[in-house]
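Descriptive structure summary
Chain residues, written in single-letter form:
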Amino acid sequence: MTELMRRAGWAALIALLAAGCGSVPATAEKVLRIKGSDTMLILNQRLAEGFMRERPGVAVIVEGGGTSTGVEAIIGGDASICAASRPLAPNEVQRLFDRHGTLGVRHLVARDALSVWLHPDNPVRNLSLDQLGGIFAGTFTRWSEVGGADREIAVVVRPPSSGTFRFFRDSVHGGGAYSGVSVTAASTAEVVRRVAEDSAAIGYGGAAYARDEVRACAIDGALPTSRAVEEGRYPLTRHLVFFTTAPPEALEREFIDWCQGADGQEVVAETGYLPLWTRP
């Protein structure tokens with residue numbers, strides 16, 4: 001079997017497992033289930049592909065649904081690892097403790113320069129953090145109020161189950177409510193699609209979802225680039241993480257170590273996120 005055929009086979013397997021069909025290959029001797037952040041879905045699929053390619057007999061089942069869904073899965077024992085794009089909320093930590101007697105363990109996987117996307121035809125190129133907060137809170141409702149054309153702003157947000165929804169809300173407008181006229185997109189890919197189809201739209205999402213059909217907006221003069229993140233100039237930077245109920249063992253430990261090591265961090269960079277460490 002050629003390397004191309006092997007890669008195609010693993011890609012097909014990942015797509016099957018990620019679809020949530022619950023089917024595990026008969027040859028699988030060990031199974032690891034990861035559930036949570038849609039921001040991390042593409043990344044986790046590719047991490048799983050690379051890990052399984054090196055370990056015959058292992059199946060890594062990857063599902064999205066949002067960070068909150070992943071937390072529920074590890075609390076209920078339906079997954080071993082929660083993929084998260086935000087910290088655990090106090091009530092989630094309490095429920096973890098009540099169920100498992102632990103506070104949960106965080107494992108860093110990647111860094112993300114959370115991007116704000118505009119339509120390429122939008123003349124706005126830069127927004128201050130205050131202007132951005134005003135747009136998503138509904139204080140600014142027309143592009144002319146922030147240096148653009150005299151058009152109503154179409155605000156696109158993620159659902160409350162999304163870790164990105166909470167991170168953006170807390171980082172950009174202090175935890176306040178989103179604009180009452182905002183439109184909710186079920187996935188980051190849908191955010192991109194909506195912005196690409198509406199020249200008055202604005203949305204946000206993980207850097208790996210950037211496409212040519214939309215344009216990243218500079219925030220306080222900085223674009224979401226690795227250099228801006230390293231220099232501390234881009235304000236919407238976060239870690240993408242795994243949570244386990246307790247210090248991981250066996251297959252969980254092996255997978256997390258692989259993701260944090262050289263091979264896994266190379267996948268992080270190839271996917272469009274920022275590795276945990278910078279090569280000398």
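The preceding data block contains the structure.
Here's a quick rundown of the structure. (Residues numbered from 1 in each chain as written. Predicted model: local features only at pLDDT ≥ 70, side-chain atom pairs only at ≥ 80, totals over all residues. Heavy atoms only, no water.)

Some words on the packing of aromatic side chains
- Following the criterion strictly, the structure yields 9 aromatic pairs and no others.
- Taken together, a centroid distance of 6.0 Å and an interplanar angle of 70° make the contact between Phe51 and Trp258 edge-to-face. Taken together, the positions of Phe51 in helix α2 (residues 41-53) and Trp258 in helix α9 (residues 250-260) put the pair 207 residues apart, joining distant regions of the chain.
- Looking at Phe51, the relative accessible area reads 0%, which means it is buried.
- Exposure remark for Trp258: the relative accessible area of 9% places this residue in the buried category.
- Across from the ring centre of Phe167, 5.4 Å away, lies the NZ or CZ of Arg238, which sits over that ring. (Phe/Tyr/Trp six-rings, centres within 6.5 Å; stacked < 30°, edge-to-face > 60°. Helix = DSSP H or I, 4+ residues; strand = E, 2+ residues; numbered from the N terminus. Buried < 20%, exposed > 50% of the residue type's maximum accessible area, 1.4 Å probe, protein only. Lys NZ or Arg CZ within 6 Å of the ring centre and 35° of its normal.)

Describing the packing of helix α3 (residues 67-76) against helix α4 (residues 90-100)
- Remark: α3 packs on α4, axes separated minimally by 9 Å, with the N-to-C direction vectors making an angle of 15°. Here α3 lies roughly parallel to α4, going by the angle between them. As α3 packs across α4, the resulting crossing turns out to be right-handed. Where α3 abuts α4, its residues Ser68, Val71, Glu72, Ile74, Ile75 and Gly76 lie against Glu92, Arg95, Leu96, Arg99 and His100. (Axes fitted to C-alpha atoms, helices over the stretch in contact; angles between N-to-C directions. Parallel < 35°, antiparallel > 145°, perpendicular 65-115°, else oblique. Left-handed = near helix turned anticlockwise from the far one by under 90°. Contact = heavy atoms within 4.5 Å.)

Some words on unusual backbone geometry
- In this model, Asp220 sits at a positive phi of 50°, which is unusual for a non-glycine residue.
- Among the structural elements, Asp220 can be located in the loop between β11 (218-219) and α8 (226-230).
- Judged by relative accessible area, Asp220 falls into the partly exposed class, the value being 46%.
- Here Ala250, not a glycine, exhibits a phi torsion of approximately 55°, which is positive.
- As for its placement among the helices and strands, Ala250 is situated in helix α9.

Points about the sheet that holds strand β12 (residues 237-244)
- Taken in spatial order, the 5 strands make up an open sheet running β2-β1-β3-β12-β4, and their pairing is mixed. Strands with a single pairing partner mark the edges of an open sheet, and in this sheet they are β2 (58-65) and β4 (105-113). Across the sheet, the mean angle separating the axes of adjacent strands is 20° when strand polarity is ignored.
- Alignment of strand β3 (residues 81-84) against β12, held across 3 bridges, turns out to be antiparallel. Along β12, the bridge assignment pairs Cys82 with Phe243.
- Lying on the sheet, α3 is in contact with β1 (30-36), β2, β3 and β12; it crosses β3 at an angle near 165°. (Pairing = 2+ DSSP bridges.)

Details of helix α5 (residues 129-137)
- For α5, every residue scored as buried is listed here: Leu132, Gly133, Gly134, Ile135 and Phe136.
- On its buried side, α5 packs onto β5 (115-118), β6 (126-127), β7 (154-157), α6 (163-173), β9 (201-205) and β11.
- At the exit of α5 stands Gly138, carrying a positive phi of roughly 95°.

Focus: the side chain of Arg158
- Inspection of the secondary structure assignment puts Arg158 in the loop between β7 and α6.
- In terms of polar contacts, Arg158 uses its side chain to reach the backbone carbonyl oxygen of Ala186, at 3.1 Å.
- Here the side chain of Arg158 touches Thr188 through a polar contact of 3.2 Å, side chain to side chain.
- Discounting chain neighbours no more than four positions away, the residues touching Arg158 are Asp38, Phe165, Thr184, Ala185, Ala186, Ser187, Thr188, Val191 and Tyr204. (Polar contact = N/O pair within 3.5 Å; in protein donor to acceptor, adjacent residues only side chain to side chain.)

Points about α9
- Of all the residues in α9, the buried ones are Leu251, Glu252, Phe255, Ile256, Trp258 and Cys259. In a view along the axis of α9, the buried residues occupy a sector of 160°, so they form one face of it. (Arc of directions from axis to C-beta.)

As for the pairing of β12
- Most of β12 sits inside the fold, with 6 of its 8 residues counted as buried.
- Summarising the sheet, β4 and β12 pair through 8 bridges and their orientation is antiparallel. For Leu108, the partnering residue across the bridge sits in β12 and is Val241.

Re the packing of α2 against helix α10 (residues 262-271)
- Interaxial distance between α2 and α10 falls to 10 Å at its minimum, and their mutual angle equals 140°. By the angle class used here, α2 and α10 are oblique. The handedness of the crossing between α2 and α10 comes out as right-handed. Across the interface between the two elements, Ile42, Leu43, Arg46 and Leu47 of α2 pack against Gly264, Val267, Val268, Glu270 and Thr271 of α10.
- A per-class count over the contact of α2 with α10 returns 5 nonpolar, 2 polar and 2 charged. (Nonpolar A, V, L, I, M, F, W, Y, C, P; charged D, E, K, R; others polar.)

The analysis is restricted to geometry; functional conclusions fall outside its scope.
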